[in-house]
Amino acid sequence: MRVIDKASHGIDQAAISRAALSVVHRLREGGFEAFIVGGAVRDLLINGQPKDFDVATNATPEQTKALFRSARIIGRRFQIVHVRQGREIIEVTTYRGHHDSDEAKPSTSKQSEKGLLLRDNVYGSLEDDAKRRDLTVNAMYYDPDDESVLDQQSGLEDIEARLIRIIGDPATRYREDPVRMLRVVRFSARLQFDIESETAEAIAVCGPLLSEIPAARLFDEFLKLFMSGHAKSTFLLLCNYDLLRYLTPEAAERIAKEPRYKQMVTAAMQSTDQRVRKDRPVTPAFLLAAMLWPAVQPRYEALAQAGEPQAQAMNSIGQQVTAETCLHTAIPKRFSIPMREMWEMQGKLEARKPKRIVDIMSQRRFRAAYDLLLLREQAGEQLDDCGVFWTEQQQLNPDVVGTAPPREDSKPTRRPRRRRRQ
Ligand code: ATP
Ligand code: MG
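These numbers come from a predicted model, not from an experiment.

### Digging into the site of ligand 1
- Neighbouring ligand 1 are 16 residues; Arg-42, Asp-177, Arg-180, Arg-183 and Arg-190 lie closest to it.
- Here an oxygen atom of ligand 1 sits 2.9 Å away from a polar atom, N or O, in the main chain of Asn-138.
- With respect to the detected pockets, ligand 1 is housed in the largest pocket.
- Elements supplying a minimum of two residues to the shell around ligand 1: helix H3 (39-46) and helix H8 (179-191).
- At five residues, H8 tops the list of elements feeding residues into the shell around ligand 1.

This is the structure:
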């Protein structure tokens, strides 16, 4: 284990959250080992501002919980403790150990036939824990007392070489948890680090394992991939590594085949990144509306050609595309409903009915729907200068945009849900 002293790493303790430090101290006073670990140490070393702070300890979740009034044990596959300190939540994880150790029991260790870890709650030492983390750059431990960094996996070397490297044998680690492939891509995009060659090569073989991951977990990961200010480079890497198909299969296929769709989604990602950087509000609904448009558009065109009224056509397509996507990436209703509203407004924007202009512009989703329309035109859809038309209309009526309260009839029509019997 390499111990890096303060003079060599230069981390300034003032950049570390007081809440995280106090959690470490409390655990140590309770007689346990505790360190700041993971992304925070990585970002401190790279000179970034850590987003959140994680703590690793040899206290079990129950022992941790007993030390803090505000602690909650969460998760099943991978149990952690959330400790609330003021407004911050510090994630405390117990050192993980090896699944072939004596500590492994059916209640703590469970693996599928393909090697997927269904339960990852075997505890171990700090040395074991470092080996069980995902990337070398994520496996460093900061000791707030002597201000040293413990680096067993040569994380600092990889930071200096700007490399994302998985710890251990890449294929085995991806089989245990295929989401690690998405994490490799995400950190490579975010830090602008290259992916080390073996870490990269195993993705081609292990990619299909992502279809084993529950759709709800993939949606959580989707938000991290695309809502953190690096959506564009993440998206392009996902395309290069052919991983997009496990998140949004139909759209991914079209994006792979038709450059104009790739260009359109790239532009949507870029504008989301710009908004994130400027601290302006961003909604996953718009990103999803743009990302899934390559799946929506061909169906929409086919139905419109068959003469089906546009509003109805878009309603049923929206329903189908949402349902199919949710099998892979579970989009919560609070995002899928506005996403479908943005799609449904496309027909209204294209129709340009004079009597409806002010009403359409006043609708809550107008701006997002208009942005989507512009992206479609940029991607080469022939819409007879519809974008220019709506740009002019907004200049003529600058005060009406988005002023209407949410209306019942602006929501996609849904069948009344049957109450599930208890
Ligand atoms: P972020 O800044 O996005 O929070 P992070 O590195 O802190 O980045 P988290 O998802 O908060 O990422 O995870 C905290 C730490 O837990 C990681 O740094 C890594 O050491 C470990 N970790 C997270 N997910 C996995 C995983 N799937 N497999 C192994 N280790 C993981
Ligand atoms: Mg973190």
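### Overview of the pairing of strand S2 (residues 34-37)
- What you see with S2 is no split at all: Ala-34 and Ile-36 on one side and Phe-35 and Val-37 on the other are buried throughout.
- When S2 meets strand S3 (residues 54-57), the two strands line up antiparallel, connected through four bridges. Following the sheet pairing, Ile-36 is matched in S3 by Val-55.
- Direction of pairing for S2 relative to strand S9 (residues 140-143): antiparallel, over a ladder of two bridges. Residue pairing across strands places Val-37 opposite Tyr-141, the latter belonging to S9.

### What to know about helix H10 (residues 215-226)
- Helix length check: H10 (12 residues) gives 16 Å between terminal C-alpha atoms against 16 Å at 1.5 Å per residue, within 8%.
- Buried within H10 we find Ala-215, Leu-218, Phe-219, Glu-221, Phe-222, Leu-225 and Phe-226. End-on, the buried residues of H10 take up no more than an arc of 165 degrees, which puts them together on one face.
- Residues of H10 that are buried in the fold lie against H8, helix H11 (231-240), helix H13 (259-277), helix H14 (284-291), helix H16 (310-326) and helix H17 (333-351).

### Comments concerning unusual backbone geometry
- If you check the backbone angles, Arg-162 has positive phi at about 55 degrees while not being a glycine.
- The backbone of Asp-242 sits at a positive phi, close to 55 degrees, despite the residue not being glycine.
- By the secondary structure assignment, Asp-242 is in the loop between H11 and helix H12 (249-257).
- Look at Asp-242 and you get partly exposed, because its relative accessible area is 38%.

### Comments concerning the sheet that holds strand S5 (residues 80-85)
- Here eight strands make up an open sheet; going across it, the order is S1-S10-S9-S2-S3-S6-S5-S4 and the pairing mixed. Looking at which strands have only one partner, the edges of the open sheet turn out to be strand S1 (2-4) and strand S4 (71-74). Averaged over all pairs of adjacent strands, the angle between strand axes in this sheet comes to 30 degrees, irrespective of strand direction.
- Relative to the sheet, helix H2 (residues 18-29) contacts S2, S3, S5, strand S6 (88-94) and S9, its axis offset from that of S2 by approximately 155 degrees.

### Some points on the confidence of the model for the chain
- With 96% of its residues at a pLDDT of 70 or more, the chain shows a mean pLDDT of 92.
- This stretch, residues 415-422, has a pLDDT under 50; its non-local contacts, to residues over four places away or in other chains, come to zero contacts.

### Examining the coordination of the magnesium ion (ligand 2)
- Within the protein, the atoms that donate to the magnesium ion (ligand 2) are Asp-52 (OD) and Asp-54 (OD), at distances of 2.4 to 2.7 Å.
- Judged by relative accessible area, Asp-52 falls into the partly exposed class, the value being 35%.

### Let's talk about the environment of Lys-105
- Note that Lys-105 resides in the loop between S6 and strand S7 (109-111).
- Residue class for Lys-105 comes out partly exposed when judged on its relative accessible area of 45%.
- Taking C-alpha positions, Lys-105 is 58 Å from Ala-304, a pair spaced 199 residues apart along the chain.

### Things to note about the nonpolar core
- If you look at the biggest cluster of nonpolar residues, it comprises 101 residues, and the most contacted ones within it are Leu-27, Ile-36, Phe-226, Leu-238, Leu-243 and Trp-343.
- Ranked by residues supplied to this core, first place goes to H8 with eight residues.
- Those residues in contact with Ile-36 that lie beyond four places of it in its chain are Ile-16, Ala-20, Leu-21, Val-24, Val-41, Phe-53, Asp-54, Met-140, Tyr-141 and Tyr-142.
- The next biggest cluster of nonpolar side chains, apart from the first, holds 14 residues, and it includes Met-345, Leu-349, Met-361 and Leu-373.

### Describing the pairing of strand S10 (residues 148-151)
- With burial as the criterion, each face of S10 is covered, one bearing Ser-148 and Leu-150 and the other bearing Val-149 and Asp-151.
- Looking at chain direction, S1 and S10 are connected through three bridges and run antiparallel. Residue pairing for S10: Val-3 is matched across the bridge by Leu-150.
- Where S9 and S10 come together, four bridges link them in antiparallel fashion. By the bridge assignment for S10, Met-140 is matched with Asp-151.

### Brief notes about the domain arrangement of the chain
- The domains assigned to the chain are domain 1 (2-153) and domain 2 (229-276 + 283-407).
- Of note, the centres of domain 1 and domain 2, computed from C-alpha atoms alone, are 41 Å apart.

### Observations regarding the packing of aromatic side chains
- A full pass over the atoms with the stated rule returns eight aromatic pairs.
- Summarising the aromatic geometry, the rings of Phe-35 and Tyr-141 are spaced 6.2 Å apart at their centres and angled 90 degrees between planes, so their arrangement reads as edge-to-face. Here Phe-35 is found in strand S2, whereas its partner Tyr-141 is found in strand S9, with 106 residues between them in sequence.
- In this structure Phe-35 comes out as buried when scored by relative accessible area, which is 9%.

Cut-off values and rules
- Residues numbered from 1 in each chain as written.
- Chains lettered and ligands numbered in written order.
- Predicted model: local features only at pLDDT ≥ 70, side-chain atom pairs only at ≥ 80, totals over all residues.
- Heavy atoms only, no water.
- Near = heavy atom within 4 Å.
- Polar contact = N/O pair within 3.5 Å; in protein donor to acceptor, adjacent residues only side chain to side chain.
- 1 Å grid on protein atoms, 1.4 Å probe; cavity = no way out; pocket = protein on both sides within 12 Å on 5 of 7 lines; lining within 4 Å.
- Sits in = over half its atoms within 2 Å of the grid points.
- Helix = DSSP H or I, 4+ residues; strand = E, 2+ residues; numbered from the N terminus.
- Buried < 20%, exposed > 50% of the residue type's maximum accessible area, 1.4 Å probe, protein only.
- Pairing = 2+ DSSP bridges.
- Expected span 1.5 Å × (residues − 1).
- Arc of directions from axis to C-beta.
- Contact = heavy atoms within 4.5 Å.
- Axes fitted to C-alpha atoms, helices over the stretch in contact; angles between N-to-C directions.
- pLDDT = per-residue confidence, 0-100.
- Donors = N, O, S within 2.8 Å, 3.2 Å for Na, K, Ca; no water.
- Core = buried A, V, L, I, M, F, W, Y, C linked by side-chain atoms within 4.5 Å.
- Domains from an automatic or database assignment.
- Phe/Tyr/Trp six-rings, centres within 6.5 Å; stacked < 30°, edge-to-face > 60°.

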